[in-house]
Amino acid sequence: MTQVVTILVGLALIGFILWWFFGKHEVSSAAATVTADRQAADVLVDGGYKPEVVTLKQGVPATLRFTRKDPSACLDRVVFPDWGINRPLAQDKVEEITIDTSKPGEYEWACGMDMFHGKVIIK
Ligand SMILES: [Cu+2]
């Protein structure tokens, strides 16, 4: 009997880990909306970044629209170290950041203190 319970608890735990991993991944990733010769994606800044991963098409001019809802000073800047971008985010305002999509790759962004992270994937 004890063994059965142990196995059930183990399976439940594995299920939970899979759900956590898969669910989180699914929620936090998004592709940009491509219209004619431009693409854009919205990122909500509220206790982190939603989505955390934005996929962009290579060669199509791109804009990321950051909207900060979070009142904490922690998230009041967004930094893209690869492109030398360091932009203040005013609360409840949309900050548009133009992204150079000429080179494919993965480019991380972070808050001003490097605590919260997001990523742009260009392909
Ligand atoms: Cu921070």
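Residues numbered from 1 in each chain as written. Predicted model: local features only at pLDDT ≥ 70, side-chain atom pairs only at ≥ 80, totals over all residues. Heavy atoms only, no water.

A. Local environment of the overall build of the protein chain. Helix and strand counts for the protein chain come out as one helix and 11 strands. In the protein chain, the order of α-helices and β-strands from amino to carboxyl end is α-β-β-β-β-β-β-β-β-β-β-β. For 123 residues, the compact-globule estimate of 2.2 N^0.38 gives 14 Å, and the C-alpha radius of gyration of the protein chain, at 18 Å, exceeds that figure by more than 25%. Dimensions of the protein chain along its principal axes, counting C-alpha atoms only, are 60 × 35 × 25 Å. By the burial criterion, 33% of the 123 residues in the protein chain qualify as buried. Sequence-distant contacts, at least 24 apart, represent 52% of the contacts inside the protein chain between residues at least 6 apart. For the protein chain, the computed accessible surface area is about 7,800 Å², with 62% contributed by carbon and sulfur atoms. (Helix = DSSP H or I, 4+ residues; strand = E, 2+ residues; numbered from the N terminus. Rg over C-alpha atoms; globule rule 2.2 N^0.38 Å. Buried < 20%, exposed > 50% of the residue type's maximum accessible area, 1.4 Å probe, protein only. Contact = heavy atoms within 4.5 Å. Areas by Shrake-Rupley, 256 points an atom, 1.4 Å probe, with all protein chains shown as cover.)

B. Representation of the coordination of the copper ion. At this site the copper ion is bound by Cys74 (O), Cys74 (SG) and Cys111 (SG), with donor distances of 2.1 to 2.8 Å. Taken as a pair, Cys74 in the loop between strand E6 (62-68) and strand E7 (77-80) and Cys111 in strand E10 (residues 105-111) lie far apart in primary sequence, 37 residues in all. The class for Cys74 is buried, based on a relative accessible area of 12%. The buried category is assigned to Cys111, whose relative accessible area is 1%. (Donors = N, O, S within 2.8 Å, 3.2 Å for Na, K, Ca; no water.)

C. Representation of the nonpolar core in the model. Of all hydrophobic cores here, the largest spans 23 residues; its most connected members are Tyr49, Leu64, Phe66, Phe80 and Trp109. Of all the elements in the fold, those that place two or more residues in this core are strand E3 (38-45), strand E5 (53-56), E6, E7, strand E9 (94-99), E10 and strand E11 (117-122). Excluding anything up to four places from it in sequence, Leu64 contacts Ala41, Val54, Phe80, Glu95, Glu96, Ile97, Ile99, Trp109 and Val120. (Core = buried A, V, L, I, M, F, W, Y, C linked by side-chain atoms within 4.5 Å.)

D. Seen up close, the sheet that holds E10. Read across the open sheet, the six strands follow the order E1-E5-E11-E10-E7-E8; overall the sheet is mixed. Since the sheet does not close on itself, it has two edges, and those belong to strand E1 (29-31) and strand E8 (85-88), each with one partner. Taking each pair of neighbouring strands and ignoring which way they run, the sheet shows an average axis angle of 20°. The pairing of E7 with E8 spans four bridges and is antiparallel. Directly across from Arg77, in E8, lies its bridge partner Pro88. (Pairing = 2+ DSSP bridges. Axes fitted to C-alpha atoms, helices over the stretch in contact; angles between N-to-C directions.)

E. The pattern of salt bridges, seen in detail. Scanning the model with the defined rule gives four salt bridges in all. Of the charged contacts, one joins Glu95 and Arg87 as a salt bridge, the two residues approaching to 2.6 Å between their closest N and O atoms. Residue classification places Arg87 among the partly exposed residues on the basis of a relative accessible area of 26%. (Salt bridge = Lys/Arg side-chain N within 4 Å of Asp/Glu carboxyl O.)

F. Molecular detail of the side chain of Asp70. Mapped onto the secondary structure, Asp70 falls in the loop between E6 and E7. Notably, Asp70 is buried but unbridged: the nearest opposite-charge side chain belongs to Arg68, and the N-O separation is 5.7 Å. Setting aside chain neighbours within four positions, we find Asp70 in contact with Val45, Asp46, Gly47, Leu75 and Gln91. (Lys, Arg positive; Asp, Glu negative; His and termini not counted.)

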